[in-house]
Amino acid sequence: MRVQTTAKRLLELFHTLVIYLWTILSTIVFGLLVIAVSFFTRNGITVHHIARVWGRCILWVSGIQVTTRGFDAGRMNQSCIFMSNHQSNFDIPVLFSGLPAQFRWLAKAELFKIPLFGRSMRSAGYISIDRSNRKSAFQSLKKAAEMIRSGTSVMIFPEGTRSIDGILLPFKKGGFVLAVDAGVPIVPIMISGTHDIMPKGRLLISRGKVRIDVGKPIQSADYTRKTKDDLMEQVRAAMSELSTDRMEGDGRG
């Protein structure tokens, strides 16, 4: 029994090393491709397709299968803010590969100062957020809201960091300020399975199945900065409902 356990652990360790090496290599290769493409395109659509291929390559090598439920392209007739729970480093490639929609990320302003890399991020349509002081942060959110109103959908992890136990953490308010300023719908998303594959604080990576559950858009136009907490609670309730529906569907409810 001990021999089988040791062999299994060694196999998992080898599998993890392969994934790390592949992730580093593919990130360099696809990153250089993104930089090259950024010189010829400004809409970010091609870059997002490259990112989807990057995510699928990582998941394929990792032995991870992703299924998506609830996404309705017919409802995506305007820009929106996708809000997803955050359980693992694998959430990013999972969302890239499993969510059939064009979206951009909010990123720290410091990343845009990196030569070539920063240029490619701007060309891809990623939105810079400057948190150096209150005034800069306010200006960043105002500019981000304008970009979203002009047709750019974005992805946000409202928890702000990965959950250690997979349970939803308290939400940060910045994403909801952005939502009411932009006046676009929030689409709640629940990812399940990535916590078992690679929880926060663990280096080993396991194989597994992941599911993305997409909820119905929640209108933010009726809310203001003063009532954003009510919007935040509505989104949290919708995400919790998606999680409950998933467990009941799996026979765990």
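Definitions and limits used
Residues numbered from 1 in each chain as written. Predicted model: local features only at pLDDT ≥ 70, side-chain atom pairs only at ≥ 80, totals over all residues. Heavy atoms only, no water. Helix = DSSP H or I, 4+ residues; strand = E, 2+ residues; numbered from the N terminus. Rg over C-alpha atoms; globule rule 2.2 N^0.38 Å. Buried < 20%, exposed > 50% of the residue type's maximum accessible area, 1.4 Å probe, protein only. Contact = heavy atoms within 4.5 Å. Areas by Shrake-Rupley, 256 points an atom, 1.4 Å probe, with all protein chains shown as cover. Lys, Arg positive; Asp, Glu negative; His and termini not counted. Charge placed at Lys NZ, Arg CZ, Asp CG, Glu CD. Patch = residues over 30% accessible without salt bridge, like charges linked within 9 Å, V, L, I, M, F, W, Y side chains within 5 Å. Salt bridge = Lys/Arg side-chain N within 4 Å of Asp/Glu carboxyl O. Phe/Tyr/Trp six-rings, centres within 6.5 Å; stacked < 30°, edge-to-face > 60°. Lys NZ or Arg CZ within 6 Å of the ring centre and 35° of its normal. Axes fitted to C-alpha atoms, helices over the stretch in contact; angles between N-to-C directions. Parallel < 35°, antiparallel > 145°, perpendicular 65-115°, else oblique. Left-handed = near helix turned anticlockwise from the far one by under 90°. Nonpolar A, V, L, I, M, F, W, Y, C, P; charged D, E, K, R; others polar. Pairing = 2+ DSSP bridges. Expected span 1.5 Å × (residues − 1). Core = buried A, V, L, I, M, F, W, Y, C linked by side-chain atoms within 4.5 Å.

## Comments concerning the overall build of the protein
And step 1. The number of helices and strands found in the protein is 8 helices and 7 strands.
And step 2. For a compact globule of 253 residues, the expected C-alpha radius of gyration is about 18 Å, and the protein comes in at 19 Å, within 12% of that figure.
And step 3. Its C-alpha atoms give the protein principal-axis dimensions of about 60 × 50 × 35 Å.
And step 4. The buried share of the protein, reckoned over its 253 residues, is 47%.
And step 5. Across the protein, the fraction of contacts at a sequence separation of at least 24, relative to all contacts at a separation of at least 6, is 74%.
And step 6. Accessible surface, the protein: about 13,900 Å² in total, of which carbon and sulfur atoms supply 60%.
And step 7. The averaged location of the 19 negative side-chain charges in the protein is 8 Å from the averaged location of its 34 positive side-chain charges.

## What about a nonpolar patch on the surface?
And step 1. The grouping of Leu10, Leu13 and Leu17 at the surface amounts to a nonpolar patch, some 280 Å² of accessible area in total.
And step 2. Within the secondary structure, leucine 10 is located in helix 1 (residues 2-37).

## A closer look at the packing of aromatic side chains
And step 1. The full count for this structure, using the stated rule, is 7 aromatic pairs.
And step 2. Centre to centre, the rings of phenylalanine 103 and tryptophan 105 are 5.7 Å apart; their planes meet at 75 degrees, and the pair counts as edge-to-face.
And step 3. With a relative accessible area of 1%, phenylalanine 103 lands in the buried category.
And step 4. Look at tryptophan 105 and phenylalanine 157: their rings are 5.6 Å apart centre to centre, the planes differ by 50 degrees, and that puts the pair in the tilted class. Here tryptophan 105 is found in strand 3 (residues 104-108), whereas its partner phenylalanine 157 is found in the loop between strand 5 (154-156) and helix 6 (174-182), with 52 residues between them in sequence. Each member of the pair, tryptophan 105 as well as phenylalanine 157, carries the same accessibility label: buried.
And step 5. An aromatic cluster is built from Trp54, Phe82, Phe96, Phe103, Trp105 and Phe157, whose rings are joined through pairwise contacts.
And step 6. Directly above the aromatic system of phenylalanine 171 lies the positively charged group of arginine 236, at a separation of 5.0 Å from the ring centroid.

## Quick word on the packing of helix 2 (residues 45-62) against helix 3 (residues 91-98)
And step 1. At a minimum axis distance of 8 Å, the contact between helix 2 and helix 3 shows a crossing angle of 120 degrees. When the axes of helix 2 and helix 3 are compared, the pair comes out oblique. Along this stretch, helix 2 crosses helix 3, giving a crossing that reads as left-handed. Taken together, the residues of helix 3 that come into contact with helix 2 (itself represented by His48, Ala51, Arg52, Trp54, Gly55, Arg56 and Leu59) are Ile92, Pro93, Val94, Phe96 and Ser97.
And step 2. Across the contact of helix 2 with helix 3, the residue classes tally to 7 nonpolar, 3 polar and 2 charged.

## Quick word on the sheet that holds strand 4 (residues 127-129)
And step 1. Read across the open sheet, the 7 strands follow the order 1-7-6-2-5-3-4; overall the sheet is mixed. With partners counted over all chains shown, the strands left at the sheet margins are strand 1 (64-69) and strand 4, one partner each. Within this sheet the neighbouring strands show an average axis-to-axis angle of 30 degrees, counted without direction.
And step 2. When strand 6 (residues 186-192) meets strand 7 (residues 208-214), the two strands line up antiparallel, connected through 4 bridges. The residue of strand 7 that forms the bridge with methionine 190 is aspartate 213.
And step 3. On the sheet, helix 6 packs against strand 2 (81-84), strand 3, strand 5 and strand 6 and is oriented at approximately 160 degrees with respect to strand 2.

## Looking at the packing of helix 5 (residues 134-149) against helix 6
And step 1. Axis separation between helix 5 and helix 6 bottoms out at 9 Å; the angle between their running directions is 55 degrees. Here helix 5 is positioned oblique relative to helix 6, judged by the angle of their axes. Seen along the crossing, helix 5 lies across helix 6 with a hand that is right-handed. The residues of helix 6 that touch helix 5, namely those facing Leu141, Ala144, Ala145, Ile148 and Arg149, are Gly174, Val177, Leu178, Asp181 and Ala182.
And step 2. Within the contact of helix 5 with helix 6, the residues separate by chemical class into 7 nonpolar, 1 polar and 2 charged.

## Points about helix 2
And step 1. In this model, helix 2 (18 residues) spans 26 Å end to end at C-alpha, consistent with the 26 Å of a helix rising 1.5 Å per residue.
And step 2. Residues of helix 2 that are buried include every one of Val47, His48, Ile50, Ala51, Arg52, Trp54, Gly55, Ile58, Leu59, Val61 and Ser62, and no others.
And step 3. Backbone geometry just downstream of helix 2 places glycine 63 in the positive-phi region, at approximately 70 degrees.

## Concerning the pairing of strand 7
And step 1. Along strand 7, 5 of the 7 residues are buried, which leaves the element largely enclosed by surrounding structure.
And step 2. Here 6 bridges tie strand 1 to strand 7, and the two strands are oriented parallel to one another. Looking across to strand 7, one finds that isoleucine 64 is bridged to glycine 208.

## Examining the nonpolar core
And step 1. Phe82, Phe90, Leu95, Leu99 and Ile189 are the most contacted members of the largest nonpolar core, which totals 39 residues.
And step 2. Residue assignment for this core shows that the elements contributing at least two residues are helix 1, helix 2, helix 3, strand 3, helix 4 (117-124), strand 6 and strand 7.
And step 3. With 7 residues, helix 2 is the single largest residue contributor to this core.
And step 4. Ala145, Ala179, Tyr223 and Leu231 belong to the second-largest nonpolar core, a separate cluster that totals 29 residues.

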